[in-house]
Amino acid sequence: MKRLLPFAAAAFACAFAPAAVAGKEDVAGYTAQRSALAASLPVKIVVLDTRVRPQIGLAHRAIADEKPRAPDLRAAALGAALGGGLLPALAIAGAERQKFHNRARDAFAPIKASGCDLRIDPSLPKAVSDAVRRSAWGASTPIETVFADGRGVDRAIEQGAPRQVVSLSSSLAPDMNALVTTAQIQAYAQTEGASRWQREPVWRDELIVVSDLVEIPSKTQADVDRLAEQERARYQATGNAEKIRKLNAQGGGDRFDRKLALEAQRQHERNMEEALAGIWPLEVEKRMRADAWSANDCARMREAIDQAGLDLGRMLDALYAQQLPPRLEREAKPVSGDANGRHPHPLPGGIYVYRADHDQIPLGYRQDLLRVDD
């Protein structure tokens, strides 16, 4: 059994880890003292996913004090590995990931069907290139846009040359209530004492933009009454209540028929409980938000992508002019500013997020996305 544990641990890592993981160590960010070096580095803008994708909402990368919202299934999988071996652990991991995958696919389906899984180019790469040109060092710096098409950054561009890499992605938060756009900036150059400069960045910054939230109307008593009446009519049309009466009159009847009838009755009870509740179920909220993203020829999605480009440009301007709030190291605590409305918030680890105050959109699921072909 002990020999299986390393393999189980590897299986857990594959099953639950995001597609990419930031380095564990702190890397300093861009400073004005590096402007001459920045001017010498060609800028590679890497579009990781050309279209907006939904976040699956399972694999979580810790950011600041944000906690994963999904239940921690590593413990259950590890228990299965200890008690029954590797295969039960893999089954738990695989089944849970498939469940989250299916939920993300179903919630995103109306957006994809309406053609509102819009491309993020050329607007977001243009926002980056324009900010580079506005900077004190970037007037004549070579800029190239590369499309990763599902590949990692390391496979999308050549790794052996000096470069400044800006990787871009935009994805919908797990609850479909905001578009989250990320620009990770990493510079690679041969500097004194940097023996592994091809793969270890000289500076690294991470900029995140969270769109305005998609609000949905609260559930009213009229909604409750309508949904309850619809469910009663649906169940009556199945004839299941009459079937149960007949089975009872027969002393239980056929065991298989009774099992099916009781399950249909339990489903009706669950549907009624959901209909009579004072709030929308989460999956219903997701569908309503998907409809909002798709309405009016994708107007809200287009607005969110445009907003991401403007806010990203503002953050890059502030970064290159050294006007962002003080950078927080990895072990620092998040701080609250006095500004109101949308503005850059510093987070530990050299991360900045442009969003409204009190915005609770999770940021840790941005690297675990539904593939384009799903």
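As shown above, the structure is provided for reference.
Residues numbered from 1 in each chain as written. Predicted model: local features only at pLDDT ≥ 70, side-chain atom pairs only at ≥ 80, totals over all residues. Heavy atoms only, no water.

Engineer: If you had to explain the pattern of salt bridges to someone new, which residues and values would you point to?
Structural biologist: On inspection of all chains with the given rule, the structure shows 23 salt bridges. Two residues, Asp 121 and Arg 119, come together in a salt bridge whose shortest N-O distance is 3.1 Å. With a relative accessible area of 39%, Arg 119 lands in the partly exposed category. It is possible to trace a salt-bridge network through shared partners that takes in Asp 212, Asp 311, Arg 314 and Arg 342. (Salt bridge = Lys/Arg side-chain N within 4 Å of Asp/Glu carboxyl O. Buried < 20%, exposed > 50% of the residue type's maximum accessible area, 1.4 Å probe, protein only.)

Engineer: Go over the side chain of Lys 219, please, and point to the residues and values.
Structural biologist: Summarising the element assignment, Lys 219 is placed in the loop between β6 (203-210) and α7 (221-238). Within the structure, Lys 219 has its side chain in polar contact with the backbone oxygen of Glu 274 (distance 2.9 Å). Here Ala 275 takes part through its backbone oxygen, which lies 3.0 Å from a polar atom of the side chain of Lys 219. Sequence-distant contacts of Lys 219, that is, excluding residues within four places in its chain, are made with Val 224, Leu 227, Glu 274, Ala 275, Ala 277, Gly 278, Ile 279 and Trp 280. (Helix = DSSP H or I, 4+ residues; strand = E, 2+ residues; numbered from the N terminus. Polar contact = N/O pair within 3.5 Å; in protein donor to acceptor, adjacent residues only side chain to side chain. Contact = heavy atoms within 4.5 Å.)

Engineer: Before we move on, can you summarise the packing of helix α5 (residues 123-134) against helix α10 (residues 282-320) with the specific residues and values?
Structural biologist: For the pair α5 and α10, interaxial distance at closest approach is 9 Å and the crossing angle is 25°. With respect to α10, the element α5 is oriented roughly parallel. When the axes of α5 and α10 are compared, the crossing they make is right-handed. When α5 is examined against α10, the residues Ser 123, Leu 124, Ala 127, Val 128, Ala 131, Val 132 and Arg 134 are found in contact with a partner set consisting of Ile 305, Ala 308, Gly 309, Leu 312, Gly 313, Leu 316, Asp 317 and Tyr 320. Taken together, the residues that form the contact of α5 with α10 break down as 10 nonpolar, 3 polar and 2 charged. (Axes fitted to C-alpha atoms, helices over the stretch in contact; angles between N-to-C directions. Parallel < 35°, antiparallel > 145°, perpendicular 65-115°, else oblique. Left-handed = near helix turned anticlockwise from the far one by under 90°. Nonpolar A, V, L, I, M, F, W, Y, C, P; charged D, E, K, R; others polar.)

Engineer: Tell me about the nonpolar core, and name the residues and values.
Structural biologist: Ranked by internal contacts, the top residues of the largest apolar core, which has 48 residues, are Ile 111, Leu 172, Met 301 and Leu 316. Among the elements of the structure, β1 (43-47), α4 (86-113), α5, β4 (163-172), β5 (179-188), β6, α10 and β8 (351-356) are those that each provide at least two residues to this core. A per-element tally of this core places α10 first, with 13 residues. When sequence neighbours within four positions are dropped, the list of residues in contact with Leu 172 reads Val 52, Arg 53, Pro 54, Gln 55, Phe 108, Ile 111, Ala 178, Leu 179, Trp 293 and Met 301. The next biggest cluster of nonpolar side chains, apart from the first, holds 11 residues, and it includes Ala 178, Val 210, Ile 351 and Leu 363. (Core = buried A, V, L, I, M, F, W, Y, C linked by side-chain atoms within 4.5 Å.)

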